[in-house]
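Below, each chain spelled out in residue letters.
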Amino acid sequence: MVRVKLWGSLRAMAGGKEWVEVEASNFKQLLDALEVKHPGLGPQIKRGVSLSLDGVIYREAWFTEIGPENEIILMPYMVGG
């Protein structure tokens, strides 16, 4: 089980929850599990999300491994320059 902090507008899509827990061992499994457990996140997941893993931001890193020891933050795509 991994604990995920939902950032910004994602909280409202998960019933106002700041933290959620799902069973996952990589980024893809995390997104799939979140979509099942919190269907309101589905549209944003399809548009795109970024993953902060121990302070490093990943985007579309489907097979990046995650575990219960990691700090995981899910947020809408980070864009800009």
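In this text, all values refer to a predicted model and were calculated from it rather than measured experimentally.

What counts as what
Residues numbered from 1 in each chain as written. Predicted model: local features only at pLDDT ≥ 70, side-chain atom pairs only at ≥ 80, totals over all residues. Heavy atoms only, no water. Phe/Tyr/Trp six-rings, centres within 6.5 Å; stacked < 30°, edge-to-face > 60°. Helix = DSSP H or I, 4+ residues; strand = E, 2+ residues; numbered from the N terminus. Lys NZ or Arg CZ within 6 Å of the ring centre and 35° of its normal. Salt bridge = Lys/Arg side-chain N within 4 Å of Asp/Glu carboxyl O. Buried < 20%, exposed > 50% of the residue type's maximum accessible area, 1.4 Å probe, protein only. Pairing = 2+ DSSP bridges. Axes fitted to C-alpha atoms, helices over the stretch in contact; angles between N-to-C directions. Contact = heavy atoms within 4.5 Å. Core = buried A, V, L, I, M, F, W, Y, C linked by side-chain atoms within 4.5 Å.

Asker: For this particular structure, what's the right way to read the packing of aromatic side chains?
Answerer: Remark: the centre distance and the inter-plane angle together describe each pair of aromatic rings, the angle taken between the planes. Taken as a whole and judged by the stated rule, the model has one aromatic pair. Relative to W62, the ring of F27 has its centre 5.7 Å away and its plane inclined at 15 degrees; by these criteria the two rings are stacked. In this pair, F27 is assigned in helix α2 (residues 27-37) and W62 in the loop between β4 (56-59) and β5 (72-76), connecting sequence segments 35 residues apart. Between R3 and the ring centre of W19, over which it is positioned, the NZ or CZ distance is 3.9 Å. Note that R59 overlies the ring of Y77, its terminal NZ or CZ placed 3.8 Å from the centroid.

Asker: Looking at this structure, I do not really get the pattern of salt bridges. What am I missing?
Answerer: Oppositely charged side chains can pair when the atoms bearing their charge come close. Tallying each qualifying case throughout the model produces four salt bridges. Residue E18 is joined to R11 by a salt bridge in which the shortest nitrogen-to-oxygen separation is 3.4 Å. Relative accessible area serves as the criterion here: at 27%, R11 is assigned to the partly exposed category. One network of salt bridges, in which partners are shared, links K5, R11 and E18.

Asker: Looking at this structure, I do not really get the sheet that holds β5. What am I missing?
Answerer: Strand pairing in a sheet takes place through backbone hydrogen bonds and is either antiparallel or parallel in direction. Ordered by their spatial adjacency, five strands build an open sheet running β2-β1-β5-β3-β4, and the pairing between neighbours is mixed. Bordering the open sheet on either side are β2 (19-22) and β4, each of which pairs with just one other strand. The average angle at which neighbouring strand axes cross in this sheet is 30 degrees, direction not considered. Inspection of the sheet shows strand β1 (residues 2-6) paired to β5 by three bridges, in the parallel sense. For V4, the partnering residue across the bridge sits in β5 and is I72. Seen against the sheet, α2 touches β1, β2, β3 (49-53) and β5 and runs at an angle of roughly 110 degrees to β2.

Asker: Which parts of the structure should I look at to understand the nonpolar core?
Answerer: The nonpolar side chains of soluble globular proteins are, as a tendency, buried together. With 21 residues, the main nonpolar core has L30 and L74 as its most contacted residues. Secondary-structure elements contributing two or more residues to this core are β1, β2, α2, β3 and β5. The residues touching L74, leaving out its near neighbours within four places in the chain, are V4, K5, L6, W7, L10, F27, L31, L34, V49 and S50.

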